[in-house]
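# Commentary on secondary and tertiary structure
Now for the letters of each chain:
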Amino acid sequence: MKKWIVGMAAFWLPLLAILIGVNFYVDSGTLFHGEYEEMAQAIMDGKCVGIQTSDCNERLLKAYMVTEMPKDPDCVVIGPSLTRSISAEVAGEEELYNLSVGGANYYDVLSTLGLMETYGIHPKRVILACDVAFFHTEIDERWEMLSDYAYYMLDVLDGVETEAPSGKLASNFYYAGQLFSLSYFQSAVHYVRLNGISGLGSTRIQIVDVEDEPKLEIMHFMPDGSYVCPQSTIEQTVEDVEKSAEDYELFSYVAEECDLPSDRVDVYEKILTYFEENGTEVELFLCPFSPSLWDRIDLDEYPLITELEDFAVSYADEHGLKLTGSLNPYNVGITDADYYDARHVRREAQGEYFDFTE
């Protein structure tokens, strides 16, 4: 028995060491090598921050941005990746902070608001995504690192007196479980195949002055927190967008044969009331699906999409809010050529199709 245990350990321990070593060293999602306080401070200081690998912990980055923001900024953008490229220039603002994060769901939006409430931040204006992800009930666990702020904000919206979260934000090793992840290992191998390991070191970030920003071909954040795709994404063609639409798993974001959940609608309306009571002007944004993806959607199978747009239009009309965009691309006149993929509008097309100025 002892010999069997020793033999198994001799077999599995080296493989486990390789798994952990590759996941930590390559760190394709910049989970363990992201100096997020430093990155946020650089953005607040007017620098551009580039990420060497294919992703980063945006939730932690934007959380640290909140801790350094002025108390009454002119404009804040809140939403998923669909809104994270909205810039100060496109919004007609000199001072804008884009707090959007990729894959933002119901709890991510609440976490952002909870952080802002905790640090006493009440913007003059907010551009708020009205997106299917907020109303989707099946969500991943990425939001959980800031869950205290989400639950705190739910209490605030319900008028429940409660203490704001305190203590240091989550560390880089919140996702330590990813060291043992086979899928994270696969993404690491994929990254190395595409890029090699020459760019990997103790840090994954590049901080440059704005005038040097065009030289950054990697994904990066501008001084307003808005996101710029890596050059490989910018070079995507219409054919790539069409292929992305064919492969798009809509059910991951919108449940089939599901109506707009009344409990999520209730919370969304409370958020809008919260902004109104704090003197914040709200602009709702419906980001359109790409035409290629829209043409593949059976709206009878996904009634939530139509119901969401009807809700946004009705609420904006009733409360005098500005509403920009539409989930239906044909209402906007946008084309596949204006997208990076099935869902994300090109940064340079934002100002052409959407009037975010006051």
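Small disclaimer: the values here were computed from a predicted structure and weren't measured. Every chain begins its residue count from 1, and numbering advances along the sequence as written. Local features in a predicted model are, by the rule used here, given only for residues with pLDDT of at least 70; side-chain atom pairs are given and counted only at 80 or more, and totals for whole chains, interfaces and linings are based on all residues. As a rule here, side-chain values come from all non-hydrogen atoms in the structure, and water together with hydrogens is ignored.

Numbering of helices and strands starts at the N terminus; helices are DSSP runs of H or I of at least 4 residues and strands are runs of E of at least 2. On the secondary structure map, Ala-316 appears in helix α13 (residues 303-319). Each residue is placed in one exposure class: buried if its accessible area under a 1.4 Å probe, protein chains only, is under 20% of its type's maximum, exposed if it is over 50%, and partly exposed if it falls in between. Ala-316 gets classed as buried once you look at its relative accessible area, which sits at 3%. Taking the C-alpha atoms as reference points, Ala-316 and Leu-284, separated by 32 residues in sequence, lie 7.8 Å from one another. Here, two residues are considered to be in contact whenever any of their heavy atoms come within 4.5 Å of each other. Leave out the neighbours within four places in its chain, and Ala-316 touches Leu-321 and Leu-323.

Now for the side chain of His-136. Mapped onto the secondary structure, His-136 falls in the loop between α6 (132-135) and α7 (147-157). The exposure class of His-136 is buried, given its relative accessible area of 5%. Once residues within four sequence positions are removed from consideration, His-136 is found in contact with Phe-251, Ser-252, Tyr-253, Val-254, Ala-255 and Arg-264.

Quick look at the sheet that holds strand β9 (residues 322-325) now. Only when DSSP finds a minimum of two bridges between them are two strands counted as paired. The parallel open sheet is built from 5 strands, whose spatial order is β3-β2-β4-β8-β9. Sheet topology places β3 (96-98) and β9 at the edges, where each strand pairs with a single neighbour. When the angles between neighbouring strand axes are averaged without regard to direction, this sheet yields 20°. As defined by bridge partners, strand β2 (residues 75-78) adjoins strand β4 (residues 125-129) across 4 bridges and the pair is classed as parallel. Counted as the bridge partner of Val-76 is Val-126 from β4. For every element, the axis is a line fit to its C-alpha atoms; helices are fit only across the contacting stretch, and the angle between N-to-C directions ranges from 0 to 180 degrees.

For this analysis, a salt bridge means a side-chain nitrogen from Lys or Arg found within 4 Å of a carboxyl oxygen belonging to Asp or Glu. Tallying each qualifying case throughout the model produces 15 salt bridges. One salt bridge connects Lys-47 with Asp-209, and the closest N-O pair in it is separated by 2.5 Å. In this pair, Lys-47 is assigned in the loop between α2 (36-44) and β1 (48-51) and Asp-209 in the loop between β5 (205-208) and β6 (220-221), connecting sequence segments 162 residues apart. In this structure Lys-47 comes out as partly exposed when scored by relative accessible area, which is 28%. Residue Asp-209 is classed as partly exposed on the basis of its relative accessible area of 30%. Across the pair Asp-266 and Lys-270 runs a salt bridge whose closest N-O atoms are separated by 3.4 Å. With Asp-266 and Lys-270 both in helix α11 (residues 262-277) and 4 residues apart, the pair spans about one turn of that helix. Residue Asp-266 is classed as partly exposed on the basis of its relative accessible area, which comes to 35%. Each member of the salt-bridge network shares a partner with another, and the members are Glu-93, Arg-125, Glu-283 and Lys-322.

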